[in-house]
Amino acid sequence: MKKSVKILVLALIAVLSMGLLAGCGNDEESAGTSGEDVKTYVACTEPTYAPFDSTDEDGNIVGFDMDLLDAIAEDQGFKVEYLSLEFDALVPAVEAGNADIIAAAMNVTEDRAEKVDFSDEYYESGKVILVKKDNTTINGIEDFTSDMKVAAQIGTTEGEYVQELKDEGTIAEAVVLNKTTDCILQLQNGDVDAVIMDAPVADGYTVKYADEIKQLDATIDPAPMAFAVAKGNSELLEKINAGLKNVMENGTYDELVEKWMGAEE
């Protein structure tokens, strides 16, 4: 009799255990459908390049690139975390697998395309020249002379451009610095004669330091911008391109351009 009771108790325990396990399985499935298992990618940027990439008062990385990539992520069902790096460390970070995406107003170039795969283009911007407000000597590239110093950010196409100007003897020195803020400080201090950067970024500094610097009308080499992923990461690249196409078609892209650039592209 005791043996029979024992067997019955064990049988009941087994049934209850099966019920509990079945309940856990349902919870895991619902967790997956509720979004807890959504893939998260790391996007690296250099956040001193407003309005594309910057840092707000709370230390959050914000900007046009972030909002656009977040909209793409929402459309495609993934999430993004942002990582701050120096601009010239962005491509190596993706190559090494320390980041998945570059979201940094990066111009598409042949040299970079040998190291990373670019998404479809999402913006095009020309380079412009900034000088001190009282400078009446420089009105364009043609006014640069062999005794002048011109600054730009390291790792950018602007940095490459000023180096070309130096190599061909158009200017005396290419001052290539880590951040655009460093370039502006050099200009304010009179350590360089001019700074070259993307037009939307220059717009922000021209407004912020309106009493000290001005932007020239001359526009140099309009160039496309795109997101970038590691070579061969076609799965992620396809998601980015599909999401970009959708947000451009549904009006989200235009809203973000209006928000960050002040007017539709």
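The structure we're discussing is the one just above.
Residues numbered from 1 in each chain as written. Predicted model: local features only at pLDDT ≥ 70, side-chain atom pairs only at ≥ 80, totals over all residues. Heavy atoms only, no water.

**Focus on the overall build of the chain**
Scanning the chain from terminus to terminus reveals nine helices and 12 strands. Sorting the 265 residues of the chain into buried and exposed places 41% on the buried side. Within the chain, residue pairs in contact and separated by at least 24 positions form 73% of the contacts whose partners lie at least 6 positions apart. (Helix = DSSP H or I, 4+ residues; strand = E, 2+ residues; numbered from the N terminus. Buried < 20%, exposed > 50% of the residue type's maximum accessible area, 1.4 Å probe, protein only. Contact = heavy atoms within 4.5 Å.)

**Digging into the environment of lysine 132**
With respect to the helices and strands, the residue lysine 132 is situated in strand β7 (residues 123-132). In this structure the C-alpha to C-alpha distance between lysine 132 and glycine 190, which are 58 residues apart in sequence, comes to 8.2 Å. Sequence-distant contacts of lysine 132, defined by excluding residues within four places in its chain, comprise Leu187, Gln188, Glu212, Ile213 and Lys214. In terms of polar contacts, lysine 132 uses its side chain to reach the backbone carbonyl oxygen of glutamine 188, at 3.3 Å. (Polar contact = N/O pair within 3.5 Å; in protein donor to acceptor, adjacent residues only side chain to side chain.)

**Let's talk about the packing of aromatic side chains**
Under the criterion given, the structure shown has nine aromatic pairs. For the ring pair phenylalanine 52 and tyrosine 123, a centre distance of 5.6 Å and an interplane angle of 75° mean the geometry is edge-to-face. With phenylalanine 52 in the loop between β1 (40-45) and β2 (54-55) and tyrosine 123 in strand β7, this pair connects stretches of sequence that are 71 residues apart. By the burial criterion, phenylalanine 52 is buried, and tyrosine 123 matches it. Consider the rings of tyrosine 122 and phenylalanine 227, whose centres lie 4.5 Å apart with planes at 25°: the pair is stacked. You can see tyrosine 122 sitting in the loop between β6 (116-118) and β7 and its partner phenylalanine 227 sitting in the loop between β11 (213-225) and β12 (228-230), a full 105 residues away along the chain. For tyrosine 122, a relative accessible area of 2% gives the class buried. Take phenylalanine 227: its relative accessible area is 0%, and that puts it in the buried class. (Phe/Tyr/Trp six-rings, centres within 6.5 Å; stacked < 30°, edge-to-face > 60°.)

**With respect to the sheet that holds β7**
What the five strands build is an open sheet, ordered β9-β8-β10-β7-β11; its pairing is mixed. Bordering the open sheet on either side are β9 (173-177) and β11, each of which pairs with just one other strand. Neighbour-to-neighbour, the strand axes of this sheet turn through a mean angle of 25°, independent of strand direction. Against the sheet, helix α7 (residues 199-208) engages β7, β10 (194-198) and β11, with an angle of about 40° to β7. (Pairing = 2+ DSSP bridges. Axes fitted to C-alpha atoms, helices over the stretch in contact; angles between N-to-C directions.)

**With respect to the pattern of salt bridges**
All chains considered together, the criterion is met by seven salt bridges. A salt bridge links lysine 231 to aspartate 117; the shortest N-O distance between them is 3.1 Å. Residue lysine 231 is found in the loop between β12 and α8 (234-249), and its partner aspartate 117 is found in strand β6; the two are separated by 114 residues along the sequence. Salt bridges sharing common partners tie together Glu46, Glu86 and Lys179. (Salt bridge = Lys/Arg side-chain N within 4 Å of Asp/Glu carboxyl O.)

**Quick look at the nonpolar core**
Counting residues in hydrophobic clusters, the biggest one holds 46 residues, and the most contacted among them are Phe64, Leu68, Ile101, Leu130, Met197 and Phe227. At seven residues, helix α2 (residues 64-76) tops the list of elements feeding residues into this core. Sequence-distant contacts of isoleucine 101, defined by excluding residues within four places in its chain, comprise Tyr41, Val42, Ala43, Cys44, Leu69, Val94, Phe227, Ala228, Val229, Leu236 and Ile240. (Core = buried A, V, L, I, M, F, W, Y, C linked by side-chain atoms within 4.5 Å.)

**Re α2**
Residue pairs three or four apart in sequence face the same way in an α-helix, which turns once every 3.6 residues. If you check α2, its first and last C-alpha atoms are 18 Å apart, about what 13 residues at 1.5 Å a residue would give, namely 18 Å. Among the residues of α2, Phe64, Asp65, Met66, Leu68, Leu69, Ala71, Ile72 and Ala73 are the ones counted as buried. The positive-phi residue at the C-terminal boundary of α2 is glycine 77, with phi of around 80°. (Expected span 1.5 Å × (residues − 1).)

**Points about helix α9 (residues 252-261)**
Of the positions making up α9, those classed as buried are Tyr253, Leu256 and Val257. Taken down its axis, α9 places every buried residue within 105° of arc, on the same side. Pointing more than 90 degrees away from the buried face of α9 are the exposed residues Glu255 and Lys259. Downstream of α9 by a residue or two, glycine 262 has a phi angle that is positive, lying close to 90°. (Arc of directions from axis to C-beta.)

**Topic: unusual backbone geometry**
Residue proline 51 is reached from alanine 50 by a cis peptide bond, and omega for that bond is 10°. Note that proline 51 resides in the loop between β1 and β2. One non-glycine residue, alanine 105, lies in positive phi territory at about 50°. Following the sequence through the fold, alanine 105 ends up in the loop between β5 (101-102) and α4 (110-113).

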